[in-house]
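# Working through the structure, step by step
Take a look at the letters that make up each chain.
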Amino acid sequence: DAMVIQNPRYQVTQFGKPVTLSCSQTLNHNVMYWYQQKSSQAPKLLFHYYDKDFNNEADTPDNFQSRRPNTSFCFLDIRSPGLGDAAMYLCATSREGTGGKRTEAFFGQGTRLTVV
Amino acid sequence: LAKTTQPISMDSYEGQEVNITCSHNNIATNDYITWYQQFPSQGPRFIIQGYKTKVTNEVASLFIPADRKSSTLSLPRVSLSDTAVYYCLVGDFSGGYNKLIFGAGTRLAVHP
């Protein structure tokens, strides 16, 4: 059974047209991550949530926003997609307790975004 | 900032044991070392996690020396389906919270 679900698997959007990618989890994990992965590169962390606390990576463009309305759902909003934003977007979750001990992360299958 | 260094690529043949070493000189006291496997067009998948000494599960072993500045993922008797990218991760406290930061990974190619 899928535990981290990303929708859609494939998304085509127009240059400059806002797009939202979604992620849901059934694991009740308190940490959720969004990564961008371009061809033949490692996943690059965009931001993550620790419960409701949002943590943005310093080099994440302002064009990328995120929302986490509840524990189960997290959204990635790209306000004005450019051709360079075409990539696989990966959502992941993990559970972290006090002291920083963290369970392994569970990844979704990803959403492949194409910008035309 | 805890970073990892791995070989860019490795080649092996079916049935051989493969050892992939990762360097993490700045690992923090509370950090665990975690390895992930990624196939093309899929999300990374957890393989194994350890803190020190040796950890073994049904798919791999993880060897961590006493100083914890490196770790070695051992895959016994690889098959063609083990061809993938393998990532070594450690925690990153620079933002105040643990983060999962991926290094470049090791691209393993298993040949017949």
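Quick look at the structure, then.

## Regarding the packing of aromatic side chains
Under the defined criterion, the tally for this structure stands at 13 aromatic pairs over all chains. The ring of Tyr51 of chain B has Arg68 of chain B sitting right over it, with the charged end atom 3.9 Å from the ring centre.

## With respect to the environment of Phe75 of chain A
Residues and elements named next belong to chain A. Turning to its location among the elements, Phe75 is positioned in strand E8 (residues 73-78). Using a relative accessible area of 18% as the deciding quantity, one classes Phe75 as buried. Distance in space between the C-alpha atoms of Phe75 and Thr13 is 16 Å, their sequence separation being 62 residues.

## Observations regarding the state of the cysteines
Residue and element names in this part refer to chain A. With the rule as written, the count across this model stands at 2 disulfides over all chains. In this model, Cys23 is linked to Cys91 through a disulfide, with the two sulfur atoms separated by 1.9 Å. The sign of the S-S torsion, about -70°, decides the handedness of the disulfide formed by Cys23 and Cys91: left-handed. Remark: Cys91 occurs in strand E9 (residues 87-94) and Cys23 occurs in strand E3 (residues 19-25); sequence separation between them is 68 residues. Each member of the pair, Cys23 as well as Cys91, is classed as buried. Cysteine Cys74 shares no disulfide, and the gap to the nearest cysteine sulfur, in Cys91, comes to 5.9 Å.

## Regarding the side chain of Thr60 of chain A
Residue and element names in this part refer to chain A. One can find Thr60 in the loop between strand E6 (53-56) and strand E7 (64-67). Here Thr60 falls in the buried class, since its relative accessible area comes to 5%. A distance of 2.6 Å separates a polar atom in the side chain of Thr60 from the backbone oxygen of Leu46. Each residue touching Thr60, except ones within four places of it in the same chain, is listed here: Leu45, Leu46 and Phe47.

## A look at the nonpolar core
All names here are of chain B. Counting 20 residues, the largest nonpolar core has Ile33, Trp35, Ile47, Leu73, Leu75 and Tyr86 as its most contacted members. When contributions to this core are tallied by element, the ones reaching two or more residues are strand E2 (18-23), strand E3 (33-38), strand E4 (45-50), strand E6 (61-64), strand E7 (70-75), strand E8 (84-92) and strand E10 (106-111). By residue number, the principal contributor to this core is E8, which donates 4 residues. Excluding residues within four positions of it along the chain, Ile47 makes contact with Trp35, Tyr36, Gln37, Asn57, Val59, Ala60, Leu73 and Tyr86.

About the thresholds
Residues numbered from 1 in each chain as written. Chains lettered and ligands numbered in written order. Predicted model: local features only at pLDDT ≥ 70, side-chain atom pairs only at ≥ 80, totals over all residues. Heavy atoms only, no water. Phe/Tyr/Trp six-rings, centres within 6.5 Å; stacked < 30°, edge-to-face > 60°. Lys NZ or Arg CZ within 6 Å of the ring centre and 35° of its normal. Helix = DSSP H or I, 4+ residues; strand = E, 2+ residues; numbered from the N terminus. Buried < 20%, exposed > 50% of the residue type's maximum accessible area, 1.4 Å probe, protein only. Disulfide = S-S within 2.5 Å. Polar contact = N/O pair within 3.5 Å; in protein donor to acceptor, adjacent residues only side chain to side chain. Contact = heavy atoms within 4.5 Å. Core = buried A, V, L, I, M, F, W, Y, C linked by side-chain atoms within 4.5 Å.

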